[in-house]
Amino acid sequence: GFCLPPFPPPPDSLPSPRPAGFPGGTRAAIDMQGAHEAYASAPPALAPGLDGGSAHTISVIAAALDRVVQRNHDLRRTQPTSFDAVSAPGISIHRYLSRIRQYTKFHDECFVVALVYLDRLFEAHRAPFLPTPHNVHRLVITSVLVASKFYDDVFHSNSFMAQVGGISVGEMNKLEIELCLRLDWELHILRDEYELMAEALGAPAHPRWRRWHHQLPVSTLSSDDDAASADSGAHEGGHADAAWAPAPKGGGGGGGPRGAAA
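This section reports on the structure supplied with the text. These figures come from a predicted structure and were not determined experimentally.

## Observations concerning the overall build of the protein chain
Along its length, the protein chain carries 9 helices and 0 strands. For the protein chain, the sequential pattern of α-helices and β-strands runs α-α-α-α-α-α-α-α-α. Residues classed as buried in the protein chain amount to 51% of the 262 residues present. Across the protein chain, every contact between residues at least 6 apart in sequence was considered, and the portion connecting residues at least 24 apart equals 85%. Within the structure as shown, the protein chain displays about 11300 Å² of accessible surface, and the carbon and sulfur contribution to it stands at 56%.

## Overview of the pattern of salt bridges
By the definition in use, this model includes 9 salt bridges. Between D119 and R208 there is a salt bridge, with its nearest N and O atoms 3.1 Å apart. Taken together, the residues span a long stretch of sequence, with D119 in helix α4 (residues 108-125) and R208 in the loop between α8 (191-201) and α9 (224-234) at a distance of 89 residues. Like R208, D119 is buried. For the salt bridge of E171 with R138, the shortest nitrogen-to-oxygen distance reads 2.7 Å. Residue E171 is found in helix α7 (residues 169-182), and its partner R138 is found in helix α5 (residues 136-151); the two are separated by 33 residues along the sequence. Per residue, the accessibility class of E171 equals that of R138, and both read buried. Several salt bridges converge on common partners, so that one network encompasses D119, E123, R208 and R211.

## Considering the packing of aromatic side chains
This structure, assessed with the given rule, holds 4 aromatic pairs. Taking 4.7 Å as the distance between ring centres and 80° as the angle between the ring planes, the aromatic pair formed by F122 and W212 counts as edge-to-face. With F122 in helix α4 and W212 in the loop between α8 and α9, this residue pair connects regions lying 90 residues apart in the sequence. Ring centres of F150 and Y151 lie 4.9 Å apart, and the angle between their planes is 75°; this geometry places the pair in the edge-to-face category. Grouping residues by exposure puts F150 and Y151 together as buried. Through a chain of ring-to-ring contacts, three or more aromatic side chains come together here, namely F122, W209 and W212.

## Section: helix α6 (residues 158-165)
Helical geometry: 3.6 residues make up each α-helical turn, so side chains three or four residues apart lie on a common side. Of all 8 residues in α6, 7 are buried, a share of seventy percent or more. Buried residues of α6: N158, S159, F160, M161, A162, V164 and G165, and no others. Packing partners of the buried residues in α6 comprise α3 (93-104), α5 and α7.

## As for the environment of E109
Turning to its location among the elements, E109 is positioned in helix α4. When the C-alpha positions of E109 and Y194 are compared, they lie 8.9 Å apart, and in sequence the two are 85 residues distant.

## Looking at the environment of S159
Secondary-structure assignment places S159 in helix α6. Residue S159 is classed as buried on the basis of its relative accessible area, which comes to 13%. For the pair formed by S159 and M172, sequence separation is 13 residues and the distance between their alpha carbons is 7.9 Å. Looking at S159, its side chain comes within polar contact range of the side chain of S157, at 3.0 Å.

Each value, and the rule that gives it
Residues numbered from 1 in each chain as written. Predicted model: local features only at pLDDT ≥ 70, side-chain atom pairs only at ≥ 80, totals over all residues. Heavy atoms only, no water. Helix = DSSP H or I, 4+ residues; strand = E, 2+ residues; numbered from the N terminus. Buried < 20%, exposed > 50% of the residue type's maximum accessible area, 1.4 Å probe, protein only. Contact = heavy atoms within 4.5 Å. Areas by Shrake-Rupley, 256 points an atom, 1.4 Å probe, with all protein chains shown as cover. Salt bridge = Lys/Arg side-chain N within 4 Å of Asp/Glu carboxyl O. Phe/Tyr/Trp six-rings, centres within 6.5 Å; stacked < 30°, edge-to-face > 60°. Polar contact = N/O pair within 3.5 Å; in protein donor to acceptor, adjacent residues only side chain to side chain.

See below:
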């Protein structure tokens with residue numbers, strides 16, 4: 001289920017950053033060490049519309065995701081995926097992103113890299129994975145987790161990220177592996193890709209967003225029976241995303257998709 005702890009973790013419970021220059025816990029695609037060193041020496045800058053600080057960046061990303069989600073259809077009945085929730089989480093995208101940023105302290109660039117991963121996912125696999133109220137939160141937490149391991153100087157254990165994201169560590173591990181597999185483990189991004197995504201975030205009508213939208217009318221859930229069918233196949237657990245759990249109690253750096261701490 002989707003369990004969002006209402007209280008922040010104690011300050012001393014957050015994990016220490018990994019040593020500078022360590023490339024990350026997720027399996028690299030090609031020459032991960034070289035890719036990391038290239039970005040460390042000349043990190044891509046945020047677009048002018050995103051240089052107002054973390055709170056502003058989170059707001060811009062949340063607004064972009066909200067616009068996309070409002071346009072897309074619920075495809076759980078006909079094309080369910082592992083990212084689908086039984087019911088739409090009650091927390092807004094903006095609050096969810098702010099929560100992730102508050103607990104993890106990830107750099108703004110990490111969130112932009114996460115969007116590049118999602119952009120690649122949507123380009124390759126299209127309709128079933130496009131953001132909706134039922135999958136956007138899991139898409140966000142998973143892509144941010146992978147982005148942090150590959151590009152950020154700080155990353156957290158999967159158990160900590162699962163608590164921050166409101167899902168079980170087992171589901172967090174499963175979603176991380178699925179995202180990496182669907183990206184064919186191609187986690188290195190080009191500077192042009194990053195800059196294009198940053199530019200698109202500042203322009204709601206940017207053509208990049210077209211691939212994030214369902215292009216043709218799609219039948220949506222129309223009855224209680226259909227909804228029940230979709231709920232049963234949405235993801236493991238089979239219960240509504242309404243429960244609350246204790247706050248995260250520590251992270252601990254390190255760990256990859258196959259060896260995350262429980």
